[in-house]
Amino acid sequence: MEEEGRRLLEEGIRKKVISPGKGDLSTFPNGTKVVFHYRTSLCDGTVLDDSRSMGGRSKPLELIMGKKFKLAVWERIVITMRKGEVAEFTCDTKHTALYPLVSQSLRNISVGKDPLEGQRHCCGIAQIHSHHSLGHKDLDHLQANPQPLLFAIELLEVLPPGSFQLDMWAMTDKEKLDSVPHIHEEGNSLFKQGKIKEATEKYYNAIACLKNLQMKEHPGDENWVQLDQMITPLLLNYCQCLLLQGQYYEVIEHCSSLVFKYEDNVKAFYKRGKAHAAVWNEKEARADFAKVLELDPSLEASVNKEVKAMEEKLRSKQAEEKGRYKGLFDFKAMPAAATTG
């Protein structure tokens, strides 16, 4: 341990163990997955990021060793830790110059945005020397004023290569494309088992893989269109899960994007019609169901069932509102106002 600490110091890294871990130190071969919570602070104690609260949720970072993560020092420091260990690492400026870009990506991910949103198509070093804003004042200041940073790390898991499924961000383009049919099938299986939330996540992940690839193509080009055609059935499955979870407005949004591109997509019109009916948009629902019958008359029985259900809901709602306001403006039933002599 003393020898490791000496080597770290020579590299400009000072380690302080807060709580020792358990078991033997892993050899961390390439492909190992490490899962850890982190808190990044300036040396004056100002906290920049904390994985336990970022994006309003506690989600640890997952890192694949040997994948050339942009912030190489994180790979360097975690290989000195045992599972369960908590330690602080003060790292010299030469190790932290790229942190503003890494932080921007992690913040994007935490709120559901693309990790590369807002970053130019150039290397990290080029971005450091540009005047491009990262969209966060603290990161802009750090980018303009590189300085040492303190990383507090809690190592939660060390998973050997082959014992887990790669996350999208850690995949090559080929791995992303090859993973989609498998993830799609997993979603279908979960849906059949009635595990709707789990199926929703699978469909979302498959869509995210394809969207990530599609961003690299020019809209309308052959590859872009092929990817879009792969996204469409996944998005319809995703919308079906959302319908079952009452996320009607999101269904309307997604299905509207589909029918804008594919005017003969009967499933998109059908699901959007159901969503409109669920939120009392009678006119829009009837228009969508009419379009469904125009595109596929064999669905008449299903459409009639949905329309009938909508009409019954509307009648029930109208009766409820009528009863609620009955007598509200019935002046005959109101007692005479008291008068004073």
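As a convention, each chain's residues are numbered from 1 in the sequence order in which they are written. A pLDDT threshold of at least 70 governs which residues receive local features in this predicted model, and a stricter bar of 80 or more applies before side-chain atom pairs are shown or counted, although totals over entire chains, interfaces and linings include all residues. Hydrogens and water molecules were not included; the side-chain quantities draw on all heavy atoms of the structure.

### Notes on the overall build of the chain
Quick reminder of the rule: Helix numbering and strand numbering both begin at the N terminus, where a helix is a DSSP run of H or I of at least 4 residues and a strand a DSSP run of E of at least 2. We call a residue buried when its accessible area falls under 20% of the maximum for its residue type, exposed when it is over 50%, and partly exposed in between, using a 1.4 Å probe and counting protein chains only. A contact between two residues is defined here by any heavy atoms of the two lying within 4.5 Å. For accessible areas, the Shrake-Rupley method is used with a probe of radius 1.4 Å. Any residue's cover is judged against the shown protein chains and nothing else.
Assigned secondary structure in the chain consists of 13 helices and 6 strands. Counting across all 341 residues of the chain, residues that qualify as buried make up 37%. Considering only intrachain contacts with a sequence separation of at least 6, the fraction spanning at least 24 residues in the chain is 68%. Here the chain displays about 20,000 Å² of accessible surface, and carbon together with sulfur accounts for 54% of that area.

### As for the UniProt feature "repeat: TPR" (unreviewed entry) in the chain
Here is the rule we go by: UniProt positions are given in the numbering used here, feature names are shortened, and annotations may be inferred rather than shown by experiment.
Cross-referencing UniProt, the feature "repeat: TPR" (unreviewed entry) maps to residues 266-299 in the present numbering. Across residues 266-299 one finds 79% helix and 0% strand; the C-alpha atoms that close the span lie 10 Å apart.

### Details of unusual backbone geometry
Phi is positive for Phe28, close to 50 degrees, though the residue is something other than glycine. Checked against the element boundaries, Phe28 lands in the loop between strand 1 (13-19) and strand 2 (33-42). Exposure remark for Phe28: the relative accessible area of 7% places this residue in the buried category.

### Things to note about the pattern of salt bridges
Applicable threshold: Salt bridges are identified by distance alone: a Lys or Arg side-chain nitrogen within 4 Å of an Asp or Glu carboxyl oxygen.
Taken as a whole, this structure holds 23 salt bridges when the rule is applied. Here Glu3 makes a salt bridge to Arg7, at a shortest N to O gap of 3.5 Å. Here Glu3 pairs with Arg7, and both are found in helix 1 (residues 2-10), just 4 residues apart, close to one helical turn. Note on Arg7: relative accessible area 33%, which makes it partly exposed. The partner of Glu4 in a salt bridge is Arg7, with the nearest N and O atoms 3.0 Å apart. Of the two residues, Glu4 and Arg7 both sit in helix 1, 3 residues apart, roughly one turn of that helix. We classify Glu4 as partly exposed; its relative accessible area is 21%. Each member of the salt-bridge network shares a partner with another, and the members are Glu3, Glu4, Arg6, Arg7, Glu10, Glu11 and Arg76.

### Topic: the pairing of strand 3 (residues 47-50)
Formally: The pairing criterion for strands is at least two bridges between them, as found by DSSP.
Both strand 2 and strand 3 contribute to a ladder of 3 bridges, which runs antiparallel. Of the residues in strand 3, the one forming a bridge with Ser41 is Val47. A loop of 4 residues connects strand 2 with strand 3, the two strands running antiparallel in sequence, and Gly45 in this loop sits at a positive phi of about 95 degrees.

### Side note on the packing of aromatic side chains
The line we're drawing: Geometry of aromatic contacts follows a simple scheme: Phe, Tyr and Trp rings, the Trp one being its six-membered ring, pair when their centres are within 6.5 Å, and the pair is stacked under 30 degrees between planes, edge-to-face over 60, tilted otherwise.
Taken as a whole and assessed by the stated rule, the structure comprises 8 aromatic pairs. Plain terms: the ring middles of Trp74 and Tyr99 are 6.2 Å apart, the flat faces sit at 70 degrees to each other, and that makes the pair edge-to-face. Placement of Trp74 in helix 2 (residues 72-78) and of Tyr99 in helix 4 (residues 99-110) is noted, with a sequence separation of 25 residues between them. Each member of the pair, Trp74 together with Tyr99, is buried.

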